[in-house]
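Read off the chains here:
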Amino acid sequence: MTAVSSSSKPDHQRVVVTGLGAITNLGRDVPTIWSALQSGKSGIDTIQCFDQAESVWSCKVAGEVRDWTPAPVVDDKSARRMDRYCQLAMWAAEEAVLDSGFDFSTGDPYRHGVVVGSGVAGISTIEQGIEKLQQSGPRRISPFTVPRLMLNSAAGNISIRHGLKGPNSAIGTACATGGHNILSACDLIRLGRADVMVAGGSEASITPLCIGSFGAMKAMSTNRNDSPTEASRPFDRDRDGFVMGEGAAILVLERLDHAKARGARIHAEILGGGITGDAGHITAPDEKGEGGHRAMAFALEDAGCNLEDVDSINAHGTSTPIGDVAEVRAIRNLFGDHARSISLCSTKSMIGHTLGAAGGLETVFSVLSCRDGVVPPTINCHNPDEEFAGLDFTPHIARERTVRLALNNTFGFGGHNVSVAVGRFED
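Residues numbered from 1 in each chain as written. Predicted model: local features only at pLDDT ≥ 70, side-chain atom pairs only at ≥ 80, totals over all residues. Heavy atoms only, no water.

Honestly, the overall build of the protein chain in this entry has me stumped. Any pointers?
The helix and strand inventory of the protein chain stands at 13 helices and 14 strands. The globule rule puts the C-alpha radius of gyration for 427 residues at 22 Å, and the 20 Å found for the protein chain is close to it. In terms of overall dimensions, the protein chain has a C-alpha envelope of 65 × 55 × 40 Å along the principal axes. Split into buried and exposed, the 427 residues of the protein chain put 60% on the buried side. (Helix = DSSP H or I, 4+ residues; strand = E, 2+ residues; numbered from the N terminus. Rg over C-alpha atoms; globule rule 2.2 N^0.38 Å. Buried < 20%, exposed > 50% of the residue type's maximum accessible area, 1.4 Å probe, protein only.)

Now the structure itself:
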């Protein structure tokens, strides 16, 4: 597939973004995070949330959300009944709902829904539960263990807080989670099953088991424990693995005529999406990037757009040796000569890889790129692979340019590929 020829948008309900919420190591709200990204600031530092013996842990850096409590969004009693990933999701959802200006207590609550997921969900709750079981026996296990660890606990708690009685689900597809949830929410609006959806992903995976497991896979950066801000270096020839991050991102998605009727501020439009599966290996991407290639092509076809319409791609760009190569091959194979005109970026160079939250966060950043005409930089990209020659990775410094259409790619273990097409809103 070398081109997308459709020149008009498909006949379906248009879906716009009216609310944005996020929390990362760079800030606790969208404006703060967006400002830091444009400045090329890194939030990667030495891990502090658990002890690391010098001789045991190979990776000692991550993108932690520090000095934060979920209050006042979640009170202390409720917080004890939620895993950290759920608390982060609740925080981001609160900002997104307030940003949307929509009063969810009005209208039909069965037309308001939520699709929010996670990659590893309540992993810290699982670790704590096993430790309690081994030390004290089953009678000392908390009765809130299962509600805390569930993949769908964030979606459930968000629906309770905001009175969302419509579609309520949670998709967990590893690092593709956020993208899948956003497109699922869009489809529900397109199909006429909802008017407003709260969608995104959350992750709190900086735990001993997660860091140890990914370290055992040799997937994480280990060469820059003494220089944490330089550890995540997507597309650079000296990259040696990804850096774990944590956080959450939530979007309020709305049917266009519903948003216009209430005079909502519209940040951008979700034009379409593409979803594929590699069907090859449980952790390694297709080395030619065929799945990513097709996901981007399907996203543009769904959006009714041409290859030349794409101005920016917020790449999956995790900083792994094989993953970055596969994605670049996908981009080259699809876009051909136009690939040289696209501003590529990987914001994971600054916040790390947030697994199930990545698709949500990077869709938020794509929305802001379209709205504000700014592409954030890829820091630490000093010497791209020779195979990447001629491509613009927006190195080091943010770039001001008109972004009519931005793609956000998220690819996950299991062979999941998602590409979300975000457009500058034009009535």
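Still to come is the rest of the account.
Would you take a moment to explain helix α8 (residues 208-216) for this structure?
At 3.6 residues per turn, the α-helix brings residues three or four places apart onto the same side. Here α8 has its buried residues at Cys-210, Ile-211, Phe-214 and Gly-215. Looking straight down α8, one finds that the buried residues subtend no more than 125 degrees of arc, so they occupy a single side. On its buried side, α8 packs onto α4 (123-136). Trailing α8 by a residue or two, Lys-218 shows a phi angle of about 60 degrees, which is positive. (Arc of directions from axis to C-beta. Contact = heavy atoms within 4.5 Å.)

Can you walk me through the pattern of salt bridges in this structure?
Charged atoms that come close allow side chains of opposite charge to pair. Under the defined criterion, the tally for this structure stands at 25 salt bridges. Asp-427 is the partner of Lys-260 in a salt bridge, and the nearest nitrogen-oxygen pair spans 3.1 Å. You can see Lys-260 sitting in helix α9 (residues 256-261) and its partner Asp-427 sitting in the segment after β14 (416-423), a full 167 residues away along the chain. Of the residues examined, Asp-427 reaches a relative accessible area of 67% and is grouped as exposed. Three or more residues joined by partner-sharing salt bridges are found here, namely Arg-111, Asp-195, Arg-255 and Asp-257. (Salt bridge = Lys/Arg side-chain N within 4 Å of Asp/Glu carboxyl O.)

What am I meant to see in the side chain of Arg-255 here?
Tracing the sequence through the fold places Arg-255 in strand β7 (residues 247-255). Apart from the residues lying within four places of it in its own chain, the contact partners of Arg-255 are Gln-13, Arg-14, Arg-111, Ile-189 and Asp-195.

Can you walk me through the environment of Asp-392 in this structure?
For Asp-392, the location among the structural elements is in the loop between β11 (374-375) and β12 (399-400). Asp-392 gets classed as buried once you look at its relative accessible area, which sits at 19%. Non-local contacts of Asp-392, meaning those with residues more than four positions away in its chain, are made with Ile-342, Ser-343, Leu-344 and Arg-399. Engagement of the side chain of Asp-392 in a polar contact is seen with the side chain of Arg-399, the distance being 2.3 Å. (Polar contact = N/O pair within 3.5 Å; in protein donor to acceptor, adjacent residues only side chain to side chain.)

Is there a simple way to explain the packing of aromatic side chains in this structure?
How two aromatic rings sit relative to each other is set out by the distance from centre to centre and by the angle between their planes. Summed over all chains, the structure comprises eight aromatic pairs. Summarising the aromatic geometry, the rings of Phe-214 and Phe-242 are spaced 5.3 Å apart at their centres and angled 85 degrees between planes, so their arrangement reads as edge-to-face. Note that Phe-214 is positioned in helix α8 and Phe-242 in the loop between α8 and β7, a separation of 28 residues in sequence. With a relative accessible area of 13%, Phe-214 lands in the buried category. Residue classification places Phe-242 among the buried positions, given a relative accessible area of 4%. Ring geometry for Phe-235 and Phe-393: centres 4.5 Å apart, planes at 20 degrees, overall stacked. With Phe-235 in the loop between α8 and β7 and Phe-393 in the loop between β11 and β12, this pair connects stretches of sequence that are 158 residues apart. Residue classification places Phe-235 among the buried residues on the basis of a relative accessible area of 1%. Counting every residue linked through ring pairs, the aromatic cluster contains Phe-214, Phe-242 and Phe-413. (Phe/Tyr/Trp six-rings, centres within 6.5 Å; stacked < 30°, edge-to-face > 60°.)

Whenever I open this one, the sheet that holds strand β9 (residues 312-314) confuses me. Can you help?
Within a sheet, neighbouring strands are paired by backbone hydrogen bonds and run either parallel or antiparallel to one another. Pairing is mixed across the open sheet formed by ten strands, whose spatial order is β5-β4-β6-β7-β1-β8-β14-β13-β9-β10. The sheet is open, and its two borders are formed by β5 (168-169) and β10 (343-345), each paired with just one other strand. Sheet topology places strand β1 (residues 15-23) next to strand β8 (residues 268-277); three bridges connect them, and they run antiparallel. In the sheet register, Val-15 faces β8, and the bridge partner there is Ile-270. Contacts between helix α6 (residues 153-162) and the sheet are confined to β4 (112-117), β5, β6 (196-203) and β7, with β4 contributing the most and set at about 150 degrees to the helix. Strands β9, β10 and β13 (405-412) of the sheet are contacted by helix α11 (residues 321-335), whose axis makes an angle of about 140 degrees with β13. (Pairing = 2+ DSSP bridges. Axes fitted to C-alpha atoms, helices over the stretch in contact; angles between N-to-C directions.)

What exactly am I supposed to notice about the nonpolar core here?
Within soluble globular proteins, side chains that are nonpolar tend to cluster in buried spots. With 44 residues, the main nonpolar core has Leu-20, Leu-37, Leu-251, Leu-253, Val-364 and Phe-365 as its most contacted residues. When sequence neighbours within four positions are dropped, the list of residues in contact with Leu-20 reads Val-30, Glu-95, Ala-96, Asp-99, Ile-250, Leu-251, His-267, Val-364, Val-367 and Leu-368. Of all hydrophobic cores here, the second largest spans 32 residues; its members include Met-82, Trp-91, Val-116 and Ile-250. (Core = buried A, V, L, I, M, F, W, Y, C linked by side-chain atoms within 4.5 Å.)

Looking at this structure, I do not really get the packing of helix α1 (residues 30-38) against helix α13 (residues 358-372). What am I missing?
Two packed helices can be described by the angle between their axes and the distance between those axes. As a packed pair, α1 and α13 sit with axes 11 Å apart at the nearest point and diverge in direction by 75 degrees. Between α1 and α13, the crossing angle belongs to the class labelled roughly perpendicular. Along the contact surface, α1 presents Val-30, Ile-33, Trp-34 and Leu-37, while α13 presents Val-364, Phe-365, Leu-368, Ser-369 and Asp-372. A per-class count over the contact of α1 with α13 returns seven nonpolar, one polar and one charged. (Parallel < 35°, antiparallel > 145°, perpendicular 65-115°, else oblique. Nonpolar A, V, L, I, M, F, W, Y, C, P; charged D, E, K, R; others polar.)

Would you mind showing me how to read the pairing of β4 here?
Within a regular strand, the side chains alternate between the two sheet faces. Here β4 lies mainly inside the structure; six of its six residues are buried. Residues His-112, Val-114 and Val-116 of β4 are buried on one face, and the alternating residues Gly-113, Val-115 and Gly-117, pointing to the opposite face, are buried as well. Two strands pair when backbone bridges link them, and β4 and β6 are joined in this way by six bridges, in the parallel orientation. When the bridges of β6 are listed, Gly-113 appears paired with Met-197. Alignment of β4 against β5, held across two bridges, turns out to be parallel. Bridge assignment links Val-114 to a residue of β5, and that residue is Asn-168.

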